[in-house]
Amino acid sequence: MYFWGMHLLSTFSIWWSFPIIALSILISWRFYQQETWLEKKAKSLKMLFIGLRAAVFSIIGILLLGLTLEFLQFNTELPIVVTLIDHSSSMRNDDDPKVLQQQIGQYQQALKDKFKNGYRLDTYYFGADLQTQSKGFLDQKTNMEGAFEALSTKYFNQNLGAVVLISDGNYNVGAHPSYQAEHLPLTPIYSLAVGDTALKKDQLIKNIAYNELTFLNNEFPLEVDIEAYRLAGKSALLSIYEDGQKIHVQRIQHTGKFQSPQTITFQHKAKKAGVREYRFQLSALPGEFTLRNNSKTIYIEVTDSRSKILLLAHAPHPDMAAIAQALKGNENYEVIHQTPAKAKGEIKKYDLVIWHEPSNGFDANLLNEIKASKVATWYILGSQAEMTSVKQLPLGLNLQLRQQLEEVQTYAQEGFSLFEPEQQWLNLIEQFPPLQRRFGEINPQGATQVLLKQRIGPIQKKDPLLTFTDFNQQRSACLLGEGIWRWKLQAYQKTQRHDAFQAFIGQICSYLLVKKEGMGLRVQAPVRLDTEQDFVLNASFYNASLQAITTPQLRWELRDEKGQTRKGELQAKGSYYQYKVGQLKPGRYNWTVRTNVNGKSYVKTGKIIVEAIQLEQQESAARHATLKQLASQSGGAVFALQDYQRLLKQLQTNEDLVAVRSEIHQFDELNDLIWIFLLLVSLLAIEWFLRRYHGTY
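Now for a look at the structure at hand.

About the criteria used
Residues numbered from 1 in each chain as written. Predicted model: local features only at pLDDT ≥ 70, side-chain atom pairs only at ≥ 80, totals over all residues. Heavy atoms only, no water. Helix = DSSP H or I, 4+ residues; strand = E, 2+ residues; numbered from the N terminus. Rg over C-alpha atoms; globule rule 2.2 N^0.38 Å. Buried < 20%, exposed > 50% of the residue type's maximum accessible area, 1.4 Å probe, protein only. Contact = heavy atoms within 4.5 Å. Areas by Shrake-Rupley, 256 points an atom, 1.4 Å probe, with all protein chains shown as cover. Lys, Arg positive; Asp, Glu negative; His and termini not counted. Charge placed at Lys NZ, Arg CZ, Asp CG, Glu CD. Axes fitted to C-alpha atoms, helices over the stretch in contact; angles between N-to-C directions. Parallel < 35°, antiparallel > 145°, perpendicular 65-115°, else oblique. Nonpolar A, V, L, I, M, F, W, Y, C, P; charged D, E, K, R; others polar. Pairing = 2+ DSSP bridges. Phe/Tyr/Trp six-rings, centres within 6.5 Å; stacked < 30°, edge-to-face > 60°. Lys NZ or Arg CZ within 6 Å of the ring centre and 35° of its normal. Salt bridge = Lys/Arg side-chain N within 4 Å of Asp/Glu carboxyl O. Core = buried A, V, L, I, M, F, W, Y, C linked by side-chain atoms within 4.5 Å.

Some details on the overall build of the protein chain
Move 1: Assigned secondary structure in the protein chain consists of 15 helices and 37 strands.
Move 2: Relative to the compact-globule value of 26 Å for 697 residues, the protein chain shows a C-alpha radius of gyration of 36 Å, a clear excess of over 25%.
Move 3: C-alpha atoms of the protein chain, sized along the principal axes, occupy 125 × 75 × 55 Å.
Move 4: A burial count over the protein chain gives 47% of its 697 residues as buried.
Move 5: Considering only intrachain contacts with a sequence separation of at least 6, the fraction spanning at least 24 residues in the protein chain is 75%.
Move 6: When the accessible surface of the protein chain is summed, it comes to about 35500 Å², and 50% of that surface belongs to carbon and sulfur atoms.
Move 7: Across the protein chain, the mean location of the 76 positive side-chain charges is 5 Å away from that of the 68 negative side-chain charges.

A closer look at the packing of helix α6 (residues 318-328) against helix α11 (residues 484-495)
Move 1: Orientation of α6 relative to α11, taken along the N-to-C sense of each, is 50°, at an axis distance of 7 Å. On the basis of their axis angle, the class for α6 and α11 is oblique. Across the interface between the two elements, Pro-318, Asp-319, Ala-322, Ile-323 and Gln-325 of α6 pack against Ile-484, Trp-485 and Lys-488 of α11.
Move 2: For the contact of α6 with α11, the class distribution of residues is five nonpolar, one polar and two charged.

Digging into the sheet that holds strand β4 (residues 80-86)
Move 1: If you trace the six strands from one edge of the open sheet to the other, you get β6-β5-β4-β7-β8-β36, paired in mixed fashion. Both outer strands of the open sheet, β6 (130-131) and β36 (638-640), are each paired with one neighbouring strand and no more.
Move 2: Two elements, β4 and strand β7 (residues 160-167), share six bridges in a ladder whose sense is parallel. Note that in β7 the partner of Thr-83 across the bridge is Val-164.
Move 3: Across the sheet, helix α3 (residues 97-115) touches β4, β5 (120-126), β7 and β8 (189-193), and the angle it forms with β5 is around 160°.
Move 4: Against the sheet, helix α4 (residues 144-154) makes contact with β4, β5, β6, β7 and β8, and its axis sits at roughly 160° relative to β7, the strand it touches most.

Examining the packing of aromatic side chains
Aromatic ring pairs are defined here through the distance separating the ring centres and the angle between the ring planes.
Move 1: Inspection of every chain in the model, using the stated rule, returns 18 aromatic pairs.
Move 2: Both rings, one in Trp-487 and one in Phe-504, keep their centres 5.6 Å apart while their planes meet at 55°; by these two values the pair is tilted. One end of the pair, Trp-487, is in helix α11; the other, Phe-504, is in helix α12 (residues 499-513), with 17 residues separating them in the sequence. Like Phe-504, Trp-487 is buried.
Move 3: Taken together through their ring pairs, the aromatic side chains of Trp-425, Phe-432, Trp-487, Phe-501 and Phe-504 make up a single cluster.
Move 4: The ring of Phe-31 has Arg-53 lying over it, and the distance from NZ or CZ to the ring centre is 4.6 Å.
Move 5: For Arg-279, the ring lying beneath its charged end belongs to Tyr-241, and the centroid distance is 4.3 Å.

Some remarks on the pattern of salt bridges
Move 1: For the structure shown, the criterion picks out 16 salt bridges.
Move 2: Close ionic contact of Lys-141 with Asp-530 constitutes a salt bridge, the shortest N to O distance being 3.6 Å. With Lys-141 in the loop between β6 and α4 and Asp-530 in strand β27 (residues 528-530), the pair connects residues that are 389 residues apart, well separated along the chain.
Move 3: According to the relative accessible area criterion, Lys-141 is partly exposed, its value standing at 21%.
Move 4: Residue class for Asp-530 comes out buried when judged on its relative accessible area of 15%.
Move 5: For the salt bridge of Arg-528 with Glu-611, the shortest nitrogen-to-oxygen distance reads 3.2 Å.

Examining the nonpolar core
Move 1: Membership of the largest hydrophobic core comes to 45 residues, with the highest contact counts inside it found for Ile-323, Leu-327, Ile-354, Trp-378, Phe-468, Trp-487 and Ile-505.
Move 2: Among the elements that take part in this core, α12 stands out by supplying 10 residues, more than any other.
Move 3: Discounting residues that sit within four places of it in the chain, Ile-323 has contacts with Leu-311, Ile-354, Trp-378, Ile-380, Ile-484 and Ile-505.
Move 4: By size, the runner-up hydrophobic cluster in this structure holds 26 residues, among which are Leu-100, Ile-104, Ala-637 and Leu-641.

Things to note about the environment of Glu-482
Move 1: Mapping Glu-482 onto the fold places it in the loop between β25 (474-479) and α11.
Move 2: For Glu-482, a relative accessible area of 12% corresponds to the buried category.
Move 3: Between the alpha carbons of Glu-482 and Gly-636 there is a distance of 46 Å; along the sequence they are 154 residues apart.
Move 4: Beyond its immediate sequence surroundings of up to four residues, Glu-482 is in contact with His-317, Asp-319, Glu-357, Leu-381, Gly-382, Ser-383, Gln-384, Leu-435 and Gln-436.

In structure tokens:
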């Protein structure tokens, strides 16, 4: 039975309430008939007492029927139309930014005037990521895939009726957006196309393949990809400059009628250590669409030393292969594979040992050699871990492992202070597949710090997964699980790059490779950034007891190539210092961090390279084929931006853009309602008070 939006449910027939009420009245009447003191009172008082007692009995009896109150709430969800606007700099290739912004504004106003009452209208902007506010056509990256991925998450299980994409169709970060667009089921994607698809007369340096680091007196290759459009028969000069000095000139002949790609390979010898600047310049040709993409600058670090890393394993394993591939991307490292038997007697040659499954063919003599040489070690314990051997490892952990295996995921521990984890892989870590480990309790001891903890589904456990400890001036790390090769694949699937996994492995190894310096100042700073990344300085100061303290005042200074200087003071953050300098212009910078403690000065210096992002300058023509594919697979359509009225008419005639009405059911058992209990107590209290008032109990 529904009444006033409510429905009363009962375990037994509701008609039983009438006999219950009648029986309650009969019992109450019978009880008060035997109360002789009521004979001298008014008849109305006797009826009041009978009514109070009968009401209590009736309510209790009716509650025994198992009554449940169902509340109904009706919600109407309007259809949502999302406008997704590309705000990357390539949008300015063919149109005046003011005119383009004016046309977009006219479309938005017309959309609001026509649909503001029947639709929910949302607007987002995207370049490198999804944004809620307009920043102008300034973004130097276009990640259309990421924008659709963010929309699919934000509007999951909502009444998303249509997406209107305003773009030139160009993207230069991430994969094709069609895959992520499929995560918006039954949602048509309409596009308002911007720009001209005709190839313009232009030449550009498309890409330069090079190693970011090389070694002194080594020859290294520079591979330059050059493309030209509609410049058949024309020739240009490619000039290469090292630190401003011209080192190579080569004539480039463009042969293709519409498109002419070619690759130039150049060998060069590193003659001087340090950071070297290489600028590639194409001479201008008459009628070029733009000269902004005719030059490109790269920076290469020339070093005369590298760290030796030993990958120690009893047998091949995909985890070690994944770690080796990540480390080989950094030429600062020389990676060597060995079995424990062959590595004995040679440990002192290495700066870092990564020991996979020490229990597999465990050799106590090898462990003693590692301890004696004080070489930094990363232990990886998986399904082969045995208590007899694990207890001998200097892990800084109290372990109680059993034979059973379990799979665990991970999450980052807040308050970790040994180094600042890179946000790129920290954002992905909770999406990584589970690792396999031995079941059992794990508790950190002493000064052991935990970076990653274990998680099973949504349940966050306290047991650590990745720890760091420092004992007797020997740093070590411990990963309590195997299967990180799956992390590498998952990170690549999400980003289409190996950067996140390389950063994860690289940060662990970088921390372990920093030798203990005793008391003093330590500074961690990136050596290479782009113009959209923030420069962040991290520092620590250790007292004579090798405890990290934050009482000294740490001052920083940043100097660019022109001699201009920025200064500031690092802020204490837990047990370390940090300062976010922000985004920097392209070029080379020198930084200095200094402090004074007990009359002694401590100074650390370093260099940083900031590279310009030139992705948006590589496309001179719009790519409307991207927009057409999105529309085709989703049932949408593509219109020119100035024809937005045709789009509005199609939205108006789309019969799928309708409001959705939903019902929300809430069930409350009357036995659980506090006001029922209070009503019973009130009735009994009134009856008791009246009996006391009239001289009886």
